[in-house]
Amino acid sequence: MGRVRRLGTPLGILAAVTGAFAYVGTVDPNEPGHYPVCPLLKLTGVFCPGCGGLRSAHAFITGDLGAAFSANAIATAGYFLFAAVWVLWLVRAWRGKPLRIALAPAWWWGVGAVLLVFTVVRNLPFGSALAP
């Protein structure tokens, strides 16, 4: 009973993420009218770091990794990162150990810098390959 209980949260998170990906895989974001438009894109014409994320998820879940990276490379890398962290979390929960990921502030600043550079570059003419 203890192991089953410890696995509840990671398995619940997996169920929620699977449900979300199943929905996006079924309801194609490439067809207009299914999802709201990014407010930043609508108001300013600037792609945010998340723009193309739904199209990326749809391509990923349907097995088109090239289209997933093309729609949003950061989001696609995030899917693989999530999977690795989730497996680590599940193994640690199985063993009865908590998942503790303590990143130094420098790492968080680095993540922010990568997102900022990604956002700026995808909005410049030479970075159009990163635009959704």
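Just above, that's the structure.
Each value, and the rule that gives it
Residues numbered from 1 in each chain as written. Predicted model: local features only at pLDDT ≥ 70, side-chain atom pairs only at ≥ 80, totals over all residues. Heavy atoms only, no water. Helix = DSSP H or I, 4+ residues; strand = E, 2+ residues; numbered from the N terminus. Buried < 20%, exposed > 50% of the residue type's maximum accessible area, 1.4 Å probe, protein only. Contact = heavy atoms within 4.5 Å. Areas by Shrake-Rupley, 256 points an atom, 1.4 Å probe, with all protein chains shown as cover. Phe/Tyr/Trp six-rings, centres within 6.5 Å; stacked < 30°, edge-to-face > 60°. Core = buried A, V, L, I, M, F, W, Y, C linked by side-chain atoms within 4.5 Å. Polar contact = N/O pair within 3.5 Å; in protein donor to acceptor, adjacent residues only side chain to side chain. Axes fitted to C-alpha atoms, helices over the stretch in contact; angles between N-to-C directions. Parallel < 35°, antiparallel > 145°, perpendicular 65-115°, else oblique. Left-handed = near helix turned anticlockwise from the far one by under 90°. Nonpolar A, V, L, I, M, F, W, Y, C, P; charged D, E, K, R; others polar.

## Things to note about the overall build of the protein chain
Right, on to step 1. Regarding its fold elements, the protein chain presents 6 helices and 0 strands.
Right, on to step 2. Counted from the first residue to the last, the protein chain has its helices and strands arranged as α-α-α-α-α-α.
Right, on to step 3. With the C-alpha coordinates aligned to their principal axes, the bounding extent of the protein chain is approximately 55 × 40 × 25 Å.
Right, on to step 4. When burial is assessed residue by residue, the protein chain has 22% of its 132 residues classed as buried.
Right, on to step 5. In the protein chain, 55% of the contacts between residues at least 6 apart in sequence involve partners at least 24 apart.
Right, on to step 6. Accessible surface computed for the protein chain: about 8800 Å², of which carbon and sulfur atoms make up 72%.

## Thoughts on the packing of aromatic side chains
Right, on to step 1. One pass over the full model with this rule turns up 5 aromatic pairs.
Right, on to step 2. Ring plane angle 65 degrees and centroid distance 6.3 Å describe the contact between Phe21 and Phe60, whose orientation is recorded as edge-to-face. Remark: Phe60 occurs in helix α3 (residues 53-61) and Phe21 occurs in helix α1 (residues 2-26); sequence separation between them is 39 residues.
Right, on to step 3. For Phe21, a relative accessible area of 19% translates into the label buried.
Right, on to step 4. With a centroid separation of 6.1 Å and an interplanar angle of 85 degrees, the aromatic rings of Tyr23 and Tyr35 are classed as edge-to-face. One end of the pair, Tyr23, is in helix α1; the other, Tyr35, is in the loop between α1 and α2 (39-44), and 12 residues separate them in sequence.
Right, on to step 5. Judged by relative accessible area, Tyr23 falls into the partly exposed class, the value being 46%.

## A look at α3
In an α-helix, one turn spans 3.6 residues; hence positions three or four apart end up facing the same way.
Right, on to step 1. Within the span of α3, buried status applies to Gly53, Ser56, Ala57, His58 and Ala59.
Right, on to step 2. Once α3 finishes, Gly63 follows within two positions and takes phi at roughly 90 degrees, a positive value.

## Considering the nonpolar core
Right, on to step 1. Phe21, Val24, Val27, Tyr35, Ala57, Ala75 and Tyr79 together form the largest nonpolar core, which totals 7 residues.
Right, on to step 2. Contributing elements (two or more residues each) for this core: α1 and α5 (73-94).
Right, on to step 3. Look past the residues within four positions of Ala75 in its chain and what remains in contact with it is Gly53 and Ser56.

## Digging into the side chain of Ser56
Right, on to step 1. Within the secondary structure, Ser56 sits in helix α3.
Right, on to step 2. Ser56 sits in the buried class, given a relative accessible area of 0%.
Right, on to step 3. In this structure the side chain of Ser56 is engaged in a polar contact, spanning 3.3 Å, whose partner is the side chain of Tyr79.
Right, on to step 4. Setting aside residues up to four positions removed in sequence, Ser56 forms contacts with Ala68, Ala71, Asn72, Ala75, Thr76 and Tyr79.

## Some points on the packing of α3 against α5
Right, on to step 1. Interhelical geometry of α3 versus α5 gives an angle of 50 degrees and a closest axis separation of 9 Å. Considering the angle they form, α3 stands oblique to α5. Once α3 is placed against α5, the crossing between them reads as right-handed. Mapping the contact onto sequence places Gly53, Ser56, Ala57 and Phe60 in α3 and Ala75, Thr76, Tyr79 and Phe80 in α5.
Right, on to step 2. Its residues assigned to classes, the contact of α3 with α5 comprises 5 nonpolar, 3 polar and no charged.

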